[in-house]
Amino acid sequence: MKTFKLGGVHPPENKLSQSAAIEVLPLPETVTIPLSQHLGVPANPVVKKGDSVKAGQLIAKGEAFISANIHSSVSGTVQKIDDVVDTSGYRKKAIVIKVEGDIWEDGIDLSKDLVKDISLSPQEIVSRVNEKGIVGMGGATFPSHVKLMVPQGKTADVLIINGVECEPYLTSDHRLMLEKAEEMLVGIQIQMKALNVDRAIIGVENNKPDAIDHLMKLIPEYPGISVEPLKVKYPQGGEKQLIKALVNREVPSGKLPIEVGCVVHNVGTSFAVYEAVQKNKPLVERVVTVTGKGVKEPSNFVARIGTPIANLIEAAGGIPENTGKVINGGPMMGKALSDINAPVTKGTSGILLFPQAETSRKPVHNCIRCGRCASICPMGLEPYLLAVLASHKRFDDCETEKVMDCIECGSCLYICPSGRPLLDQIRVGKNETGKMIRLRNR
Amino acid sequence: MNEITLISVISLGSLGTIAAIILYMVAQKFKVIEDPRIDIVADKLPGANCGGCGLAGCRALAEEIVKKESLEGMSCPPGGNEVMGEIAKVLGLEAKEQDPTIAVVRCSGSRENAPPKVKYEGDMTCAFAHNLFAGEGGCPKGCLSYGDCVASCDFDAMYMDHKTGLPVIKDNCVSCGACVKACPRSIIEIRKRGKKDRRIFVSCINVEKGGVARKNCQVACIGCGKCVKECKFDAITLENNLAYIDFNKCTLCRKCPPVCPTNAIHELNFPPRRQRPETKAEPAEA
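Predicted, not measured: the structure shown is a model, and the values here were computed from it.

1. Comments concerning the overall build of chain A
Broken down by element type, chain A carries 14 helices and 17 strands. Over its C-alpha trace chain A gives a radius of gyration of 21 Å, about what one expects of a compact globule, namely 22 Å for 442 residues. Oriented by its inertia axes, the alpha-carbon framework of chain A measures out at about 65 × 50 × 50 Å. Every one of the 442 residues in chain A was classed for burial, and the buried ones make up 51%. Look at the contacts in chain A between residues 6 or more apart in sequence, and 74% of them connect residues 24 or more apart.

2. Observations regarding the overall build of chain B
For chain B, the count of helices and strands is 10 helices and eight strands. Scaling as 2.2 N^0.38, a compact globule of 286 residues should have a C-alpha radius of gyration of about 19 Å, whereas chain B reaches 28 Å, well beyond that. The principal-axis extent of the C-alpha atoms belonging to chain B is close to 100 × 50 × 30 Å. Counting all 286 residues of chain B, 37% fall into the buried class. Long-range pairs, those at least 24 residues apart, make up 57% of the contacts in chain B with a sequence separation of at least 6.

3. Describing the sheet that holds strand β3 (residues 44-45) of chain A
Residues and elements named next belong to chain A. As summarised here, the arrangement of the three strands in space is β3-β5-β6, forming an open sheet in which the pairing is antiparallel. A strand with exactly one partner marks an edge of an open sheet, and here the two such strands are β3 and β6 (70-71). Looking at chain direction, β3 and strand β5 (residues 58-61) are connected through two bridges and run antiparallel. The residue of β5 that forms the bridge with Pro45 is Ala60.

4. Some remarks on the sheet that holds strand β8 (residues 91-99) of chain A
All names here are of chain A. The strand order β2-β8-β7-β4 describes an open sheet built from four strands, whose pairing is antiparallel. Two strands in the sheet have a free side with no partner beyond their single neighbour: β2 (30-34) and β4 (52-53). Here nine bridges tie strand β7 (residues 76-85) to β8, and the two strands are oriented antiparallel to one another. Counted as the bridge partner of Lys80 is Val96 from β8.

5. As for the confidence of the model for chain A
Chain-level pLDDT for chain A is 92 on average; 100% of the residues reach the 70-or-more range. Mean pLDDT across the secondary structure elements of chain A bottoms out at helix α9 (residues 356-359) of chain A, with 86, and peaks at helix α10 (residues 372-376) of chain A, with 95.

6. Let's talk about the domain arrangement of chain B
When the parts of a complex come together, some accessible area is lost, and that lost area is often taken as the interface size. Residues and elements named next belong to chain B. If you check the domain split of chain B, you get domain 1 (36-91) and domain 2 (101-268). Here domain 1 and domain 2 have C-alpha centroids that lie 31 Å from each other. Tallying the contact residues gives six residues for domain 1 and seven residues for domain 2. Classifying every residue of the side of domain 1 that touches domain 2 by side-chain character gives four nonpolar, two polar and no charged.

7. A few points about unusual backbone geometry
A cis geometry characterises the amide bond from Tyr234 of chain A onward to Pro235 of chain A, with omega recorded as -5°. Positionally, Pro235 of chain A belongs in the loop between β11 (225-230) and α6 (239-247). Look at Thr141 of chain A: it is not a glycine, yet its phi comes out positive at around 50°. Along the chain, Thr141 of chain A falls in the loop between α1 (122-131) and α2 (144-148). For Asn241 of chain B, which is not glycine, the phi torsion reads 65° and is therefore positive.

8. Topic: the domain arrangement of chain A
All names here are of chain A. Looking at the assigned domains, one finds that chain A contains domain 1 (122-279) and domain 2 (372-441). Domain 1 and domain 2 are separated by 28 Å when their C-alpha centres are compared. Between domain 1 and domain 2, the contact holds six residues from the first and seven residues from the second. Here the side of domain 1 that touches domain 2 is composed, by residue class, of two nonpolar, four polar and no charged.

9. What about the nonpolar core?
Residues Leu159, Ile160, Met184 and Leu312 of chain A are the most contacted members of the largest nonpolar core, which totals 97 residues. No other element matches the nine residues that helix α4 (residues 181-195) of chain A contributes to this core. When neighbours within four sequence positions are excluded, Leu312 of chain A is seen to be in contact with Leu25, Val288, Val290, Phe301, Ala303, Thr307, Val344 and Ile351 of chain A. Residues Val403 of chain A together with Cys126, Cys256 and Cys260 of chain B belong to the second largest nonpolar core, which totals 76 residues.

10. Quick notes on the confidence of the model for chain B
Of the residues in chain B, 96% reach a pLDDT of 70 or more, and the chain-wide mean stands at 88. Complex prediction metrics read pTM 0.85 and ipTM 0.82.

11. Quick word on the packing of α4 of chain A against helix α7 (residues 267-279) of chain A
Residues and elements named next belong to chain A. Axis separation between α4 and α7 bottoms out at 7 Å; the angle between their running directions is 80°. Taken together, the axes of α4 and α7 lie roughly perpendicular to each other. Where α4 abuts α7, its residues Glu183, Met184, Val186, Gly187, Ile188, Ile190 and Gln191 lie against Val267, Ser270, Phe271, Val273, Tyr274, Val277 and Gln278. Here the contact of α4 with α7 is built from residues that sort into nine nonpolar, four polar and one charged.

12. A look at the pairing of strand β5 (residues 199-202) of chain B
All names here are of chain B. Burial along β5 is two-sided: Arg199 and Phe201 and Ile200 and Val202, pointing in opposite directions, are all buried. Looking at chain direction, β5 and strand β8 (residues 265-268) are connected through four bridges and run antiparallel. Note that in β8 the partner of Phe201 across the bridge is His266.

13. Looking at helix α5 (residues 209-218) of chain A
Count 3.6 residues to each turn of an α-helix, and residues three or four apart come out pointing the same way. All names here are of chain A. Taken residue by residue, α5 has Ala211, Ile212 and Leu215 as its buried positions. All buried residues of α5 lie within an arc of 100° about the axis, which places them on one face of the element. Those residues of α5 that are exposed and aimed more than 90 degrees away from the buried face are Pro209, Asp210 and Lys217. Tucked inside the fold, the buried residues of α5 contact α3 (172-179), α4, β10 (200-205) and β11.

14. Let's talk about helix α3 (residues 58-68) of chain B
All names here are of chain B. For α3, every residue scored as buried is listed here: Cys58, Leu61, Ala62 and Ile65. The buried side chains of α3 occupy one side of the element, clustering within an arc of 100° when seen end-on. For α3, exposure combined with an orientation more than 90 degrees from the buried face picks out Lys67 and Lys68.

15. Points about the environment of Met177 of chain A
Residue and element names in this part refer to chain A. Summarising the element assignment, Met177 is placed in helix α3. For the pair Met177 and Ser375, spaced 198 residues apart in the sequence, the C-alpha separation amounts to 33 Å. With sequence-adjacent residues up to four places away left out, Met177 is seen in contact with Gly163, Met184, Ala211, His214, Leu215 and Val267.

16. Brief notes about the packing of helix α2 (residues 36-44) of chain B against α3 of chain B
Residue and element names in this part refer to chain B. Across the interface, α2 lies against α3 with an axial gap of 8 Å and an inter-helix angle of 130°. When the axis of α2 is compared with that of α3, the two are oblique. Judged by the twist between their axes, the crossing of α2 over α3 is right-handed. Contacts between α2 and α3 pair Arg37, Ile38, Val41 and Ala42 from the former with Cys58, Arg59, Ala62, Glu63, Ile65 and Val66 from the latter.

Thresholds applied
- Residues numbered from 1 in each chain as written.
- Chains lettered and ligands numbered in written order.
- Predicted model: local features only at pLDDT ≥ 70, side-chain atom pairs only at ≥ 80, totals over all residues.
- Helix = DSSP H or I, 4+ residues; strand = E, 2+ residues; numbered from the N terminus.
- Rg over C-alpha atoms; globule rule 2.2 N^0.38 Å.
- Buried ≥ 20, exposed ≤ 12 C-beta atoms within 10 Å, placed from the backbone.
- Contact = placed C-beta atoms within 7 Å.
- Pairing = 2+ DSSP bridges.
- pLDDT = per-residue confidence, 0-100.
- Domains from an automatic or database assignment.
- Nonpolar A, V, L, I, M, F, W, Y, C, P; charged D, E, K, R; others polar.
- Core = buried A, V, L, I, M, F, W, Y, C linked by C-beta atoms within 7 Å.
- Axes fitted to C-alpha atoms, helices over the stretch in contact; angles between N-to-C directions.
- Parallel < 35°, antiparallel > 145°, perpendicular 65-115°, else oblique.
- Arc of directions from axis to C-beta.
- Left-handed = near helix turned anticlockwise from the far one by under 90°.

Here it is as structure tokens:
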């Protein structure tokens, strides 16, 4: 069975919610829709206070090249456009909408019928994806239309679909592959048409045998698409790791996957592309896993963007007593929330409730030079060195040691027997080095 | 036996002489003529290499002074006017008296004023915490209290008050500016030391709306503008919901601190007020 070669760790999987079917979460009273839910420039609001909006209506326009449109996820009135604490822990501009009924914008097909024929041309598909505000649903939230446009002089020959879900606990992609497989496969075909490639590979880790079987049964109807079971290893869901595992190509340092003829999309993104292209439905809801060892009912919800995270936790049985941290995302790369009323955004794949005993960090000791961090780094970096360089503010040395290649997967922090905050320090180094490089290139 | 000694002495001696001649010639050829005044000026400087003058170190400042033959725009924060005066005397130049400066901490978000809402367990440096979240107290501009500034101080002029969680600047601060650079939130500012070390400043840099800022911190500047109206010298400006006192215009009249509804304006080293017993609690040392 295939996997990537360099490094990797095996955290306990704990997929508690993998048998919980996707439930639709009831509408909240108000939704808070942040204007910056994607990588790149925040969108500009096109509604004002007091406007009444329908679900699916454009409320903020992404005007830069790397930006994304934002649509209202509910119908109601705009209460205010103000700074609200979002999942980043900082106050950012957001549109607050009071929910009144559930009226959708005209032209959106809400039926569950599968539409297989792709009538749009490749250019139309890209502009539709752009228009409907689709971003990468794996967590990095990179605007998808940018990925679907192959730059001049480059060619894509294979589309890679990321169904790995290597983060422990999370099951939103797993459930999507089981319950919305056909829609997702049509979505993949749409992306293949846009990119003009005739081959697509869905990578799925073999801890999801039911999803693999289900997809295997369906793929004969969809020419060009294949399913590849992968050996379980974290961080296989990383773009570069997945390309290495599936087609054995190495993306050069500082370059994008298109350099080696690959385009990588998440299964959630493929489903969103299907809905945007075939059903004219913008990205206004997503599947979110709510799980944790103390949670009464670990579940997978379809939540509208902007729903307070507290609502999801409530629907899963409330916060268990000894909870130490509420994490937005997976246990490896997710970030603890400072406010559980922060809204669900396009990149929220899971909410984790960790008991106090499991969240506290190990006491920090001196580095014992065991080299484990270097041996498990999936990018072949030397985390101990980068951390020291960053904490001594030697950012030009960080650059020569390729700190910008770090994918912040957290494997080094996970493996370190001395409990050193390696990733924390490397992140500072990455930030500062990035700033330095941007200043130099200006 | 004698012969061997003689031969070796002669051969080694002549080798040495030849080498000495070559070395002397090379030294003459590649001689760098350095202005002797640089050494004299460098001797006068404190030698702390703090970088407060904006140059790489004391020697660099000495070179710069001698090269430019003027003291215009040069200053040595640790040495102050005394050292600059001495240098001026040696070089026959004129040194402008500069007002002594000191670093001030423009945040009073202590644990009492801005109670922590979340617990932070990551790397205990401000640089990382600043990238991660708004801070335990919730103020996105406030002091994170992990002490990057204290670690950067070469003069032992700062310490962390563990009760309040705020850095304290001692009187031996030489205003080199290392802490200003170290603070990711730009809380620390270099200000005029003031007559008899008396200073008045707004101890807040939060630009959020009044209500939002106040929710996180009791002593935040809420941008009400009362102090601006009170000031007769146009020293206070209000921008982005934040008042700022220009230390070049401020006459230390002490009219503004009592009108501040949140006690965000601090006055330091003044004698206690007599006529106004209702004046609020003594501001924290900064």
